[in-house]
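What follows is each chain in one-letter form.
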Amino acid sequence: MELAVGLPDLHPGKCGPVGAAFVSETLYPHLAGNDVGCGMGLWLSELNRRKLKLDRWESKLNGLDRPWDGDADAWLAPFLQEANGPGGFNQALGTIGGGNHFAELQQIDSVSDRDRFNALGLDEDRLVVLVHSGSRGLGKNVLLSHQLQHGYGGLASDSDDARNYIGRHDHAVKWGEANRALIAWRFLNLLGSEARRVLDLPHNFIAREAFAGKERWIHRKGANPSTRCALVIPGSRGSLSFLVEPCGDQEFNARSVSHGAGRKWARSDCRARLERRYDEATMQRTDLGSRVICENRDLLYEEAPQAYKNVEVVVQDLIDAGLVRVVATLRPLITYKFRRAD
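Given the structure is predicted, the values throughout are model-derived calculations rather than measurements. (Residues numbered from 1 in each chain as written. Predicted model: local features only at pLDDT ≥ 70, side-chain atom pairs only at ≥ 80, totals over all residues. Heavy atoms only, no water.)

When helices and strands are tallied, the protein shows nine helices and 14 strands. Relative to the 2.2 N^0.38 estimate, which gives 20 Å for 342 residues, the radius of gyration of the protein is 19 Å and therefore close to what a compact globule would have. For the protein, the spread of C-alpha atoms along the principal axes amounts to about 55 × 45 × 45 Å. The buried share of the protein, taken over its 342 residues, is 55%. Seen as two clouds, the 44 positive and the 44 negative side-chain charges of the protein have centres 4 Å apart. (Helix = DSSP H or I, 4+ residues; strand = E, 2+ residues; numbered from the N terminus. Rg over C-alpha atoms; globule rule 2.2 N^0.38 Å. Buried < 20%, exposed > 50% of the residue type's maximum accessible area, 1.4 Å probe, protein only. Lys, Arg positive; Asp, Glu negative; His and termini not counted. Charge placed at Lys NZ, Arg CZ, Asp CG, Glu CD.)

Along its 14 residues, helix α4 (residues 137-150) runs 20 Å from first to last C-alpha, staying within 8% of the 20 Å computed at 1.5 Å per residue. Looking only at α4, the buried set comprises Leu138, Gly139, Val142, Leu143, His146 and Gln147. Residues of α4 that are buried make contact with α5 (160-190). (Expected span 1.5 Å × (residues − 1). Contact = heavy atoms within 4.5 Å.)

Evaluation of the coordinates by the stated rule reveals zero disulfides. The thiol of Cys15 is not disulfide-bonded; the next cysteine sulfur, from Cys38, is found 14 Å away. We note that Cys247 lacks a disulfide partner, and the nearest cysteine sulfur, in Cys229, lies 14 Å from it. In this structure Cys247 comes out as buried when scored by relative accessible area, which is 17%. (Disulfide = S-S within 2.5 Å.)

Here we take up the nonpolar core. Among the nonpolar cores identified, the biggest contains 47 residues, and Leu27, Trp57, Leu105, Tyr165, Phe187 and Ile334 are the most heavily contacted of them. When residues of this core are assigned to their parent elements, the largest contribution, 13 residues, is made by α5. When neighbours within four sequence positions are excluded, Phe187 is seen to be in contact with Leu61, Leu64, Ala103, Leu105, Val129 and Tyr336. Among the nonpolar cores identified, the runner-up in size contains 26 residues, and Trp265, Val292, Leu323 and Val326 belong to it. (Core = buried A, V, L, I, M, F, W, Y, C linked by side-chain atoms within 4.5 Å.)

Moving on, we come to the sheet that holds strand β8 (residues 214-221). Sheet architecture is open: four strands sit in the order β1-β2-β8-β7, paired in antiparallel fashion. Whereas interior strands pair on both sides, the edge strands pair on one side only; in this sheet they are β1 (3-11) and β7 (204-211). Shown here is a sheet whose adjacent strand axes are inclined to one another by a mean of 15°, direction ignored. In the sheet, β7 pairs with β8 via eight bridges, with the strands oriented antiparallel. From the neighbouring strand, Phe205 faces β8, where its bridge partner is Arg220. (Pairing = 2+ DSSP bridges. Axes fitted to C-alpha atoms, helices over the stretch in contact; angles between N-to-C directions.)

What follows concerns the side chain of Glu245. You can see Glu245 is positioned in strand β11 (residues 241-246). A polar side-chain atom of Glu245 sits 2.6 Å from a polar atom in the side chain of Arg116. With sequence-adjacent residues up to four places away left out, Glu245 is seen in contact with Arg116, Ala230, Leu323, Val324, Arg325 and Val327. (Polar contact = N/O pair within 3.5 Å; in protein donor to acceptor, adjacent residues only side chain to side chain.)

The next thing to look at is the packing of aromatic side chains. The final tally for this structure, using the stated rule, is three aromatic pairs. Plain terms: the ring middles of Trp68 and Trp75 are 5.8 Å apart, the flat faces sit at 75° to each other, and that makes the pair edge-to-face. Accessibility expressed as a relative area gives 23% for Trp75, which makes it partly exposed. Summarising the aromatic geometry, the rings of Trp68 and Trp185 are spaced 6.4 Å apart at their centres and angled 70° between planes, so their arrangement reads as edge-to-face. Here the residue Trp68 occupies a position in the loop between α1 (54-60) and α2 (72-76), and Trp185 occupies one in helix α5, the gap between them amounting to 117 residues. Accessibility expressed as a relative area gives 42% for Trp185, which makes it partly exposed. Here the basic side chain of Arg263 rests over the ring of Tyr308, its NZ or CZ set 5.0 Å away from the ring centre. (Phe/Tyr/Trp six-rings, centres within 6.5 Å; stacked < 30°, edge-to-face > 60°. Lys NZ or Arg CZ within 6 Å of the ring centre and 35° of its normal.)

This part is about helix α9 (residues 311-320). Burial in α9 covers these residues: Val311, Val314, Val315 and Leu318. Along the long axis of α9, the arc covered by the buried residues comes to 90°, so they all point the same way. Residues Glu312 and Asp320 are exposed on α9 and point more than 90 degrees away from its buried face. For α9, the N-terminal cap is Asn310; the gap from its side-chain oxygen to the backbone nitrogen of Glu312 is 2.9 Å. Following α9 by one or two positions, Gly322 adopts a phi angle in the positive range, close to 75°. (Arc of directions from axis to C-beta.)

With respect to the secondary-structure elements, Tyr336 resides in strand β14 (residues 324-338). A relative accessible area of 0% means that Tyr336 is categorised as buried. Along the sequence, Tyr336 and Ile293 sit 43 residues apart, while their C-alpha atoms lie 4.8 Å from each other. For Tyr336, the contacting residues outside a window of four places in its chain are Leu61, Asn62, Gly63, Leu64, Asp65, Ile96, Phe102, Ala103, Phe187 and Ile293.

On to the pattern of salt bridges. The tally for this structure, following the rule as stated, stands at 25 salt bridges. Of the charged contacts, one joins Asp109 and Arg331 as a salt bridge, the two residues approaching to 2.9 Å between their closest N and O atoms. You can see Asp109 sitting in strand β4 (residues 102-111) and its partner Arg331 sitting in strand β14, a full 222 residues away along the chain. On the basis of relative accessible area, Asp109 is assigned to the partly exposed category, the value being 32%. Owing to a relative accessible area of 23%, Arg331 belongs among the partly exposed residues under this scheme. (Salt bridge = Lys/Arg side-chain N within 4 Å of Asp/Glu carboxyl O.)

In structure tokens, the structure reads:
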């Protein structure tokens, strides 16, 4: 291990820290976690902020937890052209999943860098959709297949085991990208809108990159790559999200920046902390006036805004370190997490 970086959203995870990046010659699959390819994508819709229909839209957002009835192979084909991996997970394609995953309708709250905002093709009058999801059971299968043989051990870069893992890993990363695209399509189709993708980045993945003059593995777990394009750092369902652009020296931070606010409370503590103070109806509205669709009681409390760090502090830490500049902020309108089948 040559470099380990903790970002401002650092917090404990199942296989290691979340909000962290690691640089090494040896490949360590567990450092990317079990949701290989989890990430966030942003889509610009045709919906106009001056014509909000939140009651109507909230009622229409249903069925995103059920399997998609379309042609999964046809949807995946453009994404998986150069990736081969295990099959058998297409029933989950187009579904958000649990935990901190979501699809959120947002409006532009403020613009700090007009030139970069315009270069991304954004429009203050049009609403956007931010999707946070990954490769569902596929990514877990990729990690478990490795761990059944190697546990938490690493792999030599030139080994057959490393090549086999990376092949399956890359397949899961592209599958996760396809999944987010389908979630956005399903979400906006229910609202009668088409959309254009603005950006999409994974934050749980491993990449072979030139680093300090050498080829190294950069492992990212809950860490956005800072060498590709603009990216979104969301807080919680009750806070603004920040559209930022990386800047400055990106070496000391392993070319990585935060992927969110980071948890402040363990999930197992949230319901006990909040249930006596807030009923479910209260939790389905936020201090920003946005709506929350989450009909799973445990999940509703586990993902409460109070359980997360202050995203404004996280972003300011990155700004102070010279790593990002803010392009715009995004305000939540409707956050979709889970709705029971009719």
